[in-house]
Amino acid sequence: MVDVNDKNGGSGAACGGGPDLFGEKIEEGAAEDGTMSFTRSYLQPPQHRDKEYSAMQMLLLAYQSLGVVYGDLGTSPVNVFSSTRLTNLSEEDLVGTLSLIIWTLTSLVLIKYVFIVLHADDHGEGGTFALYTCIRRHVNFHSKFSVQYARLEPETNAACDDGGRPYLGKRIKKFLERSSTAQDFLTLLALLGTCMVIGDGALTPATCVLSALQGIQSRSSKITQDHVVWLSVVLLIALFACQRCGTSKVSVSFSPIMLMWFATNTSIGAEAMFADLGHFNRRAIQIGFSLVVYPALVITYAGETAYLVKNPEKITDAYYSSLPEPVYWPMFVISTLAAVVSSQSMISACQVYAPEINYILMILTVGLVVGFKGGVELANAYGVVVIWVMIITTFLTSLVMLIIWKTSVVLVLAFFLPYMLIESIFLTSLLNKIPQGGWAPYAISAFFLTIMLSWTYGRSKRATYEAERKMNIRELDQMLSSSNIYRTPGICFFLTDLVYGIPPIIHRYVQHTNSVHEVVVVVTIRTLPIKTVLPEDRLIVGKLGNQGVYRCLVQFGYKDYQDMKGDDYVASVVIQLEGLIHTRNEKQKIQSAAQKETVFIIGRTILKANKESGMIARFMIDYLYRFLQKNSRSAVSTLEIPSERTLQVGMLYEI
């Protein structure tokens, strides 16, 4: 787990006065000082700006997308017909199957995803969770269970201006803002969809690589299934080892393989796409699919069908059997490489590279290959849960169309009803696979959902506890002005996750030590839902009261390399504070403190369920959440702080 989110969600106030940022309500027209400046900067964080691409850059991105986005879909001709398990095939059966494949590609992939859903991005990011955060940017969530994240205001003031929105869209928005149950339901849907993508992401590499390598068994009796399984394991480990190189290098390496694959298939014979949007832009993905992938797939499936009409008994090995003998081995090599590449689409969809997630996916994928031994159970498990993700995507996209795009009800129904019907039919056809191996992706999804629910529940409880017990500026000034408090020379950086208000752990620390440094900087690090934050926007400082206490907010984008050194950070903050302060005495105080001792105090909170909590709540808080918290990487770990100047202060929260 990577702990990078804001503690109180960063939702702010949509209209009227500002939020209770420091424990006191900031009203419109407040005096322009350090506090107000910080408040305004916090409420208006750096906005996402779409990067402009030239025609050549767009074509290059479309080319690179072939190696990351379309691998899974592009290699589907290898295993689609062989996985149907049909017998006594007639020409009408085969032509009907081809028709179903083409219309599925056209309606679900080309129309739904390429031309509709790709537009429902969240600052350039795609996927189920991106749809959820997009809705949250326009609907004020108040549920304590909702996922906490650094919220960016919408590009237009949609929270305050409902003019022009269709009547149903207004009613749905108001209903969502009033109903915490509906908000919890949307949160659960987003988490469920994300977990199911991960579940399918573990199966996709296993199935694709095995399907490609099993073609060699039809040509050599010496190759056994065990050989195929262990060769697949080697290729999969190599693939996951490549992830640390980054999407750009991976796509440059893999794109030629997929281009060769599509070209050779043409001459012979989706959900992941939306989730991969953050790695490439919308237009590049649309160009890649419309001009290369879609026509290549239609031609390849048509060629396979034409072969099977004359040789229906070859359906169990349809793709490799349809290859002419002279090109069999070259195509086997290309298909094996393409199968390795195809695994990349779901791996990229599951993550912006994080070592922990990458290793977990690798272990799950290799375990599935070895556990099922490449048998029919693995084929049955493939794709069983992703149809749920497609249904969730249809539902959330319909909400985006109503609430954000202000689409007419007729057009929304024209999108929602047909796709919900089609995907529900696909869902019912897959239910019979659950006892025959299809349970595996459900088990993986349930495992990750348990983790996410425990983490979300624990963080929401912790945020509520801190919000109820945080100090305001008046209480802070009163405490520090007491004659019993000794002000130690130097600067103390108190690192905390709480953005709104002053965390109770500071009060506990001062209360028990009866001392505090002459200059205290409360530091919070947050990751914004944008790719990068410019250096000039990275540090935001503000003043807390009149007793030498300041606030510093450190901001990163999710693709920024967070490598801030402790000493460099101190120097940067001192410069920012000097620019903030207008009185000579206060400036001299900060400069003098900077030349003396610098101490970093890390606030560490431990949650414990109280006696009134139920058995499930106690299990989630005392065991699951505490385990995850101990093994999480806090946002403050991005600061390379000298250990000899670091002090960790703990506090038990009984909730």
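See the structure shown above.
Residues numbered from 1 in each chain as written. Predicted model: local features only at pLDDT ≥ 70, side-chain atom pairs only at ≥ 80, totals over all residues. Heavy atoms only, no water.

A. Spotlight on the sheet that holds strand 8 (residues 646–654). The sheet built from six strands is open, its strands ordered 4-5-3-2-6-8 with mixed pairing. Looking at the sheet topology across the chains shown, the edges are occupied by strand 4 (539–544) and strand 8. The average angle at which neighbouring strand axes cross in this sheet is 25°, direction not considered. Sheet topology places strand 2 (residues 486–495) next to strand 3 (residues 515–528); eight bridges connect them, and they run parallel. (Pairing = 2+ DSSP bridges. Helix = DSSP H or I, 4+ residues; strand = E, 2+ residues; numbered from the N terminus. Axes fitted to C-alpha atoms, helices over the stretch in contact; angles between N-to-C directions.)

B. Structural context of the side chain of S515. Within the element layout of this structure, S515 appears in strand 3. What S515 contacts, discounting residues up to four positions off in sequence, is I485, Y486, T488, Y509 and V510. (Contact = heavy atoms within 4.5 Å.)

C. Structural context of the pattern of salt bridges. In total, this model carries six salt bridges according to the counting rule given. A salt bridge links K543 to E586; the shortest N-O distance between them is 3.3 Å. Taken as a pair, K543 in strand 4 and E586 in helix 22 (residues 584–594) lie far apart in primary sequence, 43 residues in all. (Salt bridge = Lys/Arg side-chain N within 4 Å of Asp/Glu carboxyl O.)

D. A nonpolar patch on the surface, seen in detail. Taken together, L168, V409, L413 and L417 make up a surface patch of nonpolar side chains, about 310 Å² in accessible area. Considering every element that reaches the nonpolar patch, the biggest residue donor is helix 17 (residues 409–430), with three residues. Summarising the element assignment, L168 is placed in helix 6 (residues 167–178). Relative accessible area serves as the criterion here: at 35%, L168 is assigned to the partly exposed category. (Patch = residues over 30% accessible without salt bridge, like charges linked within 9 Å, V, L, I, M, F, W, Y side chains within 5 Å. Areas by Shrake-Rupley, 256 points an atom, 1.4 Å probe, with all protein chains shown as cover. Buried < 20%, exposed > 50% of the residue type's maximum accessible area, 1.4 Å probe, protein only.)

E. Structural context of the nonpolar core. By size, the foremost hydrophobic cluster in this structure holds 39 residues, and its most contacted members are Y319, Y320, L323, F332, L368, V369 and L378. Within the residue set of this core, elements represented by two or more residues are helix 7 (180–213), helix 8 (225–241), helix 12 (318–321), helix 13 (328–350), helix 14 (355–372), helix 15 (376–381) and helix 18 (439–469). A total of 11 residues in this core trace back to one element, the largest contributor, which is helix 7. Beyond its immediate chain neighbours, meaning those up to four positions away, L368 contacts A202, L203, K373, L378, A440 and I444. (Core = buried A, V, L, I, M, F, W, Y, C linked by side-chain atoms within 4.5 Å.)

F. Structural view of the pairing of strand 3. In terms of residue burial, strand 3 counts as a mostly covered element, since 14 of its 14 residues are buried. In this sheet, strand 5 (residues 549–557) lies alongside strand 3 in parallel orientation, the contact comprising nine bridges. Across the sheet, the residue bridging to R526 is Q555, located in strand 5.

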